[in-house]
Amino acid sequence: MHYSDEEICTQLGESFSEHHGAVSPPVYQTSLFAFDSFEAFTEAQKRERENYVYTRGLNPTTEILEQKLALLERGGKCKCFSSGMGAISSIFLSLLQSGDHVLFVNNIYGPTIQLLDHLKRFYIDHSSVGNSLEEIEKAIKPTTKLIYVESPGTMLMKVVDLQQVAHIAQKHEIITAIDNTWSTPIFQKPLLHGFDLSVHSLTKYIGGHSDVVGGAVIGSEELIDTISKYGFQLNGAVLSPHDASLIIRGLRTLPIRLRQHQQHCLKVIDYLKGKEEITSIHHPSLHSGEEDVINKQMKGFSGLLSFELKDAGFEQVARFINHLSVFKIGVSWGGFESLVNAPVKKGNEKELNKQGLSPGLVRLSIGLEGADLLIQDLEQAFQALSREVEIQ
Ligand SMILES: *Cc1c(COP(=O)(O)O)cnc(C)c1O
């Protein structure tokens, strides 16, 4: 059962004959499915997650997307959600109970930590460590139920040795989950390295067109069934069939889009390397000492990077960002459009330092406009910034 990613993204998981040969599957924009007899209805209801009964359960359009994502990640099953956070929260709400501890590894997406801060009121505890295997093993408690990783992270793009973390977790009978949004399954398949669950914000590269919000969790049939029952059906963060069809469309071009994001991101990085206004650039392609881990688990690099403006705080970062025009100012990333963002806000510099982030940190999502145009945009912003310094 070895399908290429390209085949999965374009054809697999779709039953053309059931849809009159339609090459693009129809959108089953329906909340419920009606039955010929009461017997058939009650029979179907017994296993609502496997039969079309209600869209807060199973929907044929969403099911196509779920089959494709499960195949791409080499997982037994996938469940889609109405947002990445819907998917992430479903993991915690389905698999944890009071008294359990969650270990976060590497820089974790802010709202994920905030959710666990909130779950403290239900006596679910958490702590965080960096990417060192020694630290990870030391931080495990008798109550640790879940190790939750981001690799690469999405601020400093640091990587974690997935195989080793999975190995440590298996020794202690702990479930492992990874937020795989940065790489997508095209560039990284964590389940092949022993992880139990891979979670995505489909809003980023997989959707790719900045017109839909969605999420997914992939893992063994058993784990996904548990998550579907509690985190999906009862929590109710259901992906709409129309949004599922938009994400299926995004998937068609995911491999070729990622190739372009990678190629053009590496060109932008080459340009940034020559700028003396910058102290460091963060992207896994540049991480010396991590090559072995990267070669083992990653097939490529996507287009999210960050760099540090020298001696900068809120004012300088704001001036630099305001001079950009092709890069749009906004949250999110992974779409066709290039974006710029920075974690600094007025007065949070100390807080950032505590998190190990420089106040001069600027994050770029390299879109599909072409590297030359993006480099031009960055160059004129650097020039405007240095003219301002001269005038002062
Ligand atoms: C955006 C993002 C999420 C959350 O996804 P939503 O679709 O916005 O809910 C989770 N993890 C990472 C790394 C993200 O960038």
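Here is what the cut-offs are and how they apply
- Residues numbered from 1 in each chain as written.
- Predicted model: local features only at pLDDT ≥ 70, side-chain atom pairs only at ≥ 80, totals over all residues.
- Heavy atoms only, no water.
- Phe/Tyr/Trp six-rings, centres within 6.5 Å; stacked < 30°, edge-to-face > 60°.
- Helix = DSSP H or I, 4+ residues; strand = E, 2+ residues; numbered from the N terminus.
- Buried < 20%, exposed > 50% of the residue type's maximum accessible area, 1.4 Å probe, protein only.
- Lys NZ or Arg CZ within 6 Å of the ring centre and 35° of its normal.
- Pairing = 2+ DSSP bridges.
- Axes fitted to C-alpha atoms, helices over the stretch in contact; angles between N-to-C directions.
- Domains from an automatic or database assignment.
- Contact = heavy atoms within 4.5 Å.
- Buried area = accessible area lost by both parts, 1.4 Å probe.
- Salt bridge = Lys/Arg side-chain N within 4 Å of Asp/Glu carboxyl O.
- Near = heavy atom within 4 Å.
- Polar contact = N/O pair within 3.5 Å; in protein donor to acceptor, adjacent residues only side chain to side chain.
- Areas by Shrake-Rupley, 256 points an atom, 1.4 Å probe, with all protein chains shown as cover.
- Nonpolar A, V, L, I, M, F, W, Y, C, P; charged D, E, K, R; others polar.

Please give an account of the packing of aromatic side chains that cites residues and values.
This structure, assessed with the given rule, holds 10 aromatic pairs. Judged by centre distance (5.6 Å) and plane angle (35°), the ring pair of F33 and Y52 falls under tilted. You can see F33 sitting in the loop between α1 (5–10) and α2 (38–46) and its partner Y52 sitting in the loop between α2 and α3 (60–73), a full 19 residues away along the chain. By relative accessible area, which is 35% here, Y52 ends up partly exposed. Considering the side-chain rings of F307 and F320, the 6.0 Å spacing of their centres and the 85° angle between planes classify their relative orientation as edge-to-face. Of this pair, F307 sits in strand β9 (residues 304–309) while F320 sits in helix α13 (residues 314–323), and the two are 13 residues apart along the sequence. These aromatic residues form a ring-pair network of at least three members: F35, F38 and F41. Looking at K79, its charged tip hangs above the ring of F232, at a distance of 4.3 Å from the centre.

Any chance you could break down the sheet that holds strand β4 (residues 144–150) for me, citing the residues and the numbers?
Ordered by their spatial adjacency, 7 strands build an open sheet running β1-β7-β6-β5-β4-β2-β3, and the pairing between neighbours is mixed. At either end of the open sheet lies a strand with only one pairing partner, and these are β1 (77–81) and β3 (125–129). In this sheet, adjacent strand axes meet at a mean angle of 20° when their direction is disregarded. As paired elements, strand β5 (residues 175–179) and strand β6 (residues 197–201) share 3 bridges and run parallel to each other.

Any details on unusual backbone geometry? Residues and values, ideally.
The step from S151 to P152 runs through a cis peptide bond, and the omega angle for that step is -15°. For P152, the position within the fold is in the loop between β4 and α7 (162–171). Here the phi dihedral of M157 falls at roughly 60°; this positive angle occurs in a residue that is not glycine. With a phi angle near 60°, T184 is a residue other than glycine that sits in the positive phi range. Within the fold, T184 resides in helix α8 (residues 184–187). The exposure class of T184 is buried, given its relative accessible area of 1%.

Got a sec to walk through the domain arrangement of the protein chain? Specific residues and values, please.
Split into domains, the protein chain comes out as domain 1 (5–252) and domain 2 (254–391). Its C-alpha centre places domain 1 at a distance of 28 Å from the equivalent point of domain 2. Residue-level contacts link 34 residues of domain 1 with 36 residues of domain 2. Of the roughly 3,100 Å² buried where domain 1 meets domain 2, counting both sides, 62% is carbon and sulfur surface. In terms of surface lost to domain 2, no three residues of domain 1 exceed W182, F187 and Y205, which account for 27% of the buried area on that side. Of the charged contacts, one joins K296 and D161 as a salt bridge, the two residues approaching to 3.1 Å between their closest N and O atoms.

Go over the sheet that holds strand β10 (residues 328–329) with me, naming the residues and quoting the values.
Reading across the sheet, the 5 strands line up as β8-β9-β12-β11-β10 and stay open at both edges, with mixed pairing between neighbours. Looking at the sheet topology across the chains shown, the edges are occupied by β8 (278–282) and β10. One ladder, built from 5 bridges, connects β9 with strand β12 (residues 361–365); its direction is antiparallel. Within β12, the residue paired with F307 across the bridge is V362. Together, β9, β10, β11 (339–341) and β12 form the strand contacts of α13, whose direction differs from that of β9 by roughly 130°.

Please provide a residue-by-residue account of the pairing of β9, values included.
Burial analysis of β9 places 6 of its 6 residues in the buried class, which makes it a mostly covered element. Every second residue of β9 is oriented toward a common face, with L304, S306 and E308 on one face and L305, F307 and L309 on the other, all of them buried. Two elements, β8 and β9, share 4 bridges in a ladder whose sense is antiparallel. For I281, the partnering residue across the bridge sits in β9 and is F307.

Hey, could you go over the pattern of salt bridges for me, with residue numbers and the actual values?
Pairing between side chains of opposite charge can happen when their charged atoms approach one another. One pass over the full model with this rule turns up 17 salt bridges. Ionic pairing is found between R252 and E14, a salt bridge with its closest N-O pair at 2.6 Å. Here R252 is found in helix α10 (residues 241–252), whereas its partner E14 is found in the loop between α1 and α2, with 238 residues between them in sequence. Looking at R252, the relative accessible area reads 23%, which means it is partly exposed. The shortest N-O distance in the salt bridge between E66 and K79 comes to 3.1 Å. On the criterion of sequence distance, the pair formed by E66 in helix α3 and K79 in strand β1 is long-range, its members being 13 residues apart. Sharing partners across several salt bridges, the network here consists of D5, R74 and K189.

Requested: an account of the site of the ligand, with residues and values cited.
Lining the immediate surroundings of the ligand are 14 residues, of which G84, M85, D179, T203 and K204 lie closest. At 2.8 Å, a backbone N or O of M85 approaches an oxygen atom of the ligand. At a separation of 2.6 Å, a nitrogen atom of the ligand approaches a polar side-chain atom of D179. For the ligand, whose unbound accessible area comes to 380 Å², protein coverage reaches 91%. Of the residues in the shell around the ligand, the class split is 5 nonpolar, 6 polar and 3 charged.

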